[in-house]
Amino acid sequence: MTVQMSWEDVCARRLERHALSVPSKDGCAEVAAGMAGVHAQVMTAAELGIGLRLDGATRADVRRALWEERSLVKAHGPRGTVHVLPARDLPMWVAALSALPPAPSPFQDAVRMTAEQTEEVVAAIAGAVDEADLTVDELTEAVVERTGPWAGDLVMPAFQTLWPRWRQAMAQAGQRGAMCFGPMRGRKVTYSSPRRLLPDFQPAPADAALGWLVHSYLHAFGPSTSDRFAHWLGTPAGWAADLFASLDLERVEVEGTEAWVAAGDTELSSDAPRGVRLLPYFDVYAYRVGNQPPELLYPGPAGERALRGNFQLLLVDGVVAGLWHQRRSGRRIDVTAEPLVTLTKAQHADLEEQVERVAHVLEAAKTTLTIGPVTVGGHA
């Protein structure tokens, strides 16, 4: 008999597995695993996203897990974007991402590299970072030295300037395990080798890794569909449907609509989805790209307001119900919240508690909360 789930059931599962209903005591790696990776395009936002999900943690705990304990690794994840992943899972991530169908190049013929050139660049990156952590300028010199002047041609449009040709292969190199991110050198990002940072690093077998990735996704975001998985991963829908069909998955119904979970993973939370939660910048990609459908996740005015940009989201009972913004001045943080629903007294108390947790994670001494329009811009 097909298991029936309500949207409320789904919200409760996702809040619980993302450590949003109750903060986790299990450490940074468990939190990142429960989210199927943490978007880290802006590292301060990733630190806040992980810290908010951990009982009593600060951003210093996240940094320690990354750069001292090595239980986390900063690498290229789904869609080629920068993520923080559990270090123990990197062999699976690399194997699965390496097995994805190749994406078409977004660049014109005069800019893009051939398949042979891409392989040269990936090998050059791997060889360079095997020796030392390098900034992007240092990595450019090393790649050009190992491949040829063509790799350094300034032809790749990026942020109103031109980057050297080889940089179009950076995400691919990261997804294939040729490089990961190293510690900051002052204000400069460095690139490193997972083989130096993680003892005995070796990509897993591709078939096992793809199955693992589907199960990790469904654990974090299920019940879901192959189309939503394809959207989250940035792959063709047909390929994702074939992958789902090859695995031992269980069909369920959510409000009468077909969806999938890992076989046997139909347990429902005993608690209803309750409470106000604050999601930082880019954390929304987990909740927005992974959690679907949008008409349920972003009901009413939230669909008009929150989907128009990369905002920090205010959740009420597991669905988007507003925006929020923080402004930092020294050790003080001022938070402005814009609820799109009327908050009850209990929900307002939850919001105040969340603001205090934001301040704690960011190691602020003072904080204020204002309810009103958000002025979007800047990260704490």
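Structure first, text after, so check above.
In what follows, the accompanying structure is described. (Residues numbered from 1 in each chain as written. Predicted model: local features only at pLDDT ≥ 70, side-chain atom pairs only at ≥ 80, totals over all residues. Heavy atoms only, no water.)

**Some points on the nonpolar core**
Threshold: Here, nonpolar core refers to any group of buried Ala, Val, Leu, Ile, Met, Phe, Trp, Tyr and Cys residues whose side-chain atoms link them within 4.5 Å. Using a 1.4 Å probe on the protein chains alone, a residue whose accessible area is under 20% of its type maximum counts as buried, one over 50% counts as exposed, and one in between counts as partly exposed. Runs of H or I in DSSP of at least four residues are treated as helices and runs of E of at least two as strands, each being numbered from the N terminus. Note on definitions: a residue-residue contact is assigned when non-hydrogen atoms from the two residues lie within 4.5 Å.
Judged by nonpolar contacts, the single largest core of 40 residues is most densely connected at Ile50, Leu72 and Leu139. For this core, the secondary-structure elements that each account for two or more residues are helix H2 (28-34), helix H3 (43-52), helix H4 (59-67), strand S4 (82-86), helix H6 (115-129), helix H7 (136-147) and helix H8 (170-175). Per element, the largest residue contribution to this core is seven residues, and it comes from H6. Not counting residues up to four positions away in its chain, the partners in contact with Ile50 are Cys28, Val31, Val38, Val62, Leu72 and Val84. If you look at the next biggest cluster of nonpolar residues, it comprises 33 residues, including Ala75, Val94, Leu100 and Leu210.

**Digging into the sheet that holds strand S2 (residues 38-39)**
The condition that has to hold: At least two DSSP bridges between two strands are required for those strands to pair.
With respect to topology, three strands assemble into an open sheet ordered S2-S4-S3, the strand pairing being antiparallel. Edge positions in the open sheet fall to S2 and strand S3 (72-76), since each of these has one partner strand only. As judged from the two bridges shared by S2 and S4, these two strands associate in the antiparallel manner. Residue pairing in the sheet places Val38 in a bridge with Val84 of S4.

**Side note on the packing of aromatic side chains**
Aromatic rings considered in pairs are described by the distance between their centres and by the relative angle of their planes. Selection criterion: Only the six-membered ring of Trp is used, alongside the rings of Phe and Tyr, when aromatic pairs are assigned; centres must lie within 6.5 Å, and planes under 30 degrees apart are stacked while those over 60 apart are edge-to-face, with the rest tilted. Here, over-ring charges are defined by two tests on the NZ atom of lysine or the CZ atom of arginine: distance to the ring centre within 6 Å, and angle to the ring normal within 35 degrees.
Here the structure, examined in full by the defined rule, presents ten aromatic pairs. Plain terms: the ring middles of Trp93 and Trp212 are 5.8 Å apart, the flat faces sit at 85 degrees to each other, and that makes the pair edge-to-face. Of this pair, Trp93 sits in helix H5 (residues 90-98) while Trp212 sits in helix H10 (residues 206-221), and the two are 119 residues apart along the sequence. On the numbers, 5.9 Å between centres and 35 degrees between planes, the contact of Phe229 with Trp232 is tilted. Of the two residues, Phe229 and Trp232 both sit in helix H11 (residues 226-233), three residues apart, roughly one turn of that helix. Each member of the pair Phe229 and Trp232 is classed as buried. Here Lys74 stacks its cationic end above the ring of Phe181, 4.9 Å away from the centre of that ring. The positively charged end of Arg167 is found above the aromatic ring belonging to Trp163, 3.6 Å away from the centroid.

**Quick notes on the pattern of salt bridges**
Going by this rule: Take a side-chain nitrogen of Lys or Arg and a carboxyl oxygen of Asp or Glu: if they are within 4 Å of each other, that pair is a salt bridge.
Overall, the coordinates contain 19 salt bridges when judged by the stated rule. Two residues, Arg88 and Glu30, come together in a salt bridge whose shortest N-O distance is 2.9 Å. Of this pair, Arg88 sits in the loop between S4 and H5 while Glu30 sits in helix H2; the two residues are 58 residues apart in sequence, bridging distant segments of the chain. Residue Arg88 is classed as partly exposed on the basis of its relative accessible area of 48%. Using a relative accessible area of 38% as the deciding quantity, one classes Glu30 as partly exposed. Across the pair Arg88 and Asp89 runs a salt bridge whose closest N-O atoms are separated by 3.6 Å. The exposure class of Asp89 is buried, given its relative accessible area of 12%. Three or more residues joined by partner-sharing salt bridges are found here, namely Glu8, Arg274 and Asp317.

**Topic: unusual backbone geometry**
With glycine set apart, most residues show a phi of negative sign, and most peptide bonds adopt trans. The omega torsion of the bond from Gly222 to Pro223 falls at 0 degrees, within 30 degrees of zero and hence cis. Inspection of the secondary structure puts Pro223 in the loop between H10 and H11. Of note in the backbone geometry, Asp200 takes a positive phi value of approximately 65 degrees without being a glycine. Here Asp200 is to be found in the loop between helix H9 (194-197) and H10. One non-glycine residue with positive phi stands out, namely Glu255, at about 55 degrees. We classify Glu255 as exposed; its relative accessible area is 53%.

**Thoughts on the packing of helix H1 (residues 7-17) against H10**
To keep things clear, this is the line we draw: Orientation is described by axes fitted as lines to C-alpha atoms, over the contacting stretch for helices, and by angles from 0 to 180 degrees between their N-to-C directions. Every angle not falling under 35 degrees, over 145, or within 65 to 115 is termed oblique; those three ranges are roughly parallel, roughly antiparallel and roughly perpendicular. Three classes are used: nonpolar for Ala, Val, Leu, Ile, Met, Phe, Trp, Tyr, Cys and Pro, charged for Asp, Glu, Lys and Arg, and polar for all others, with Gly counted as polar.
The geometry of H1 relative to H10 is characterised by a closest axis approach of 7 Å and an angle of 110 degrees between their N-to-C directions. Taken as axis vectors, H1 and H10 run roughly perpendicular relative to one another. Taking contact as the criterion, the partners of Arg13, Arg14 and Arg17 in H1 are, on H10, Leu218, His219, Ala220 and Phe221. For the contact of H1 with H10, a count of residues per class yields three nonpolar, one polar and three charged.

**A short note on the pairing of strand S9 (residues 249-254)**
In the sheet, strand S1 (residues 3-5) pairs with S9 via three bridges, with the strands oriented parallel. What sits directly across from Val3, in S9, is Val252. Inspection of the sheet shows S9 paired to strand S10 (residues 257-262) by six bridges, in the antiparallel sense. Bridged to Arg251 within S10 is Trp260. Hairpin connection of S9 to S10: two residues between the antiparallel strands, including Glu255 at a positive phi of 55 degrees.

**A word on the packing of H5 against H10**
Here H5 crosses H10 at 100 degrees, and the two axes come no closer than 8 Å. In terms of their interaxial angle, H5 and H10 are classed as roughly perpendicular. The segment H5 lies against H10, with Met92, Trp93, Ala95 and Ala96 engaging Ala206, Ala208, Ala209, Leu210, Trp212 and Leu213. Here the contact of H5 with H10 is composed, by residue class, of ten nonpolar, no polar and no charged.

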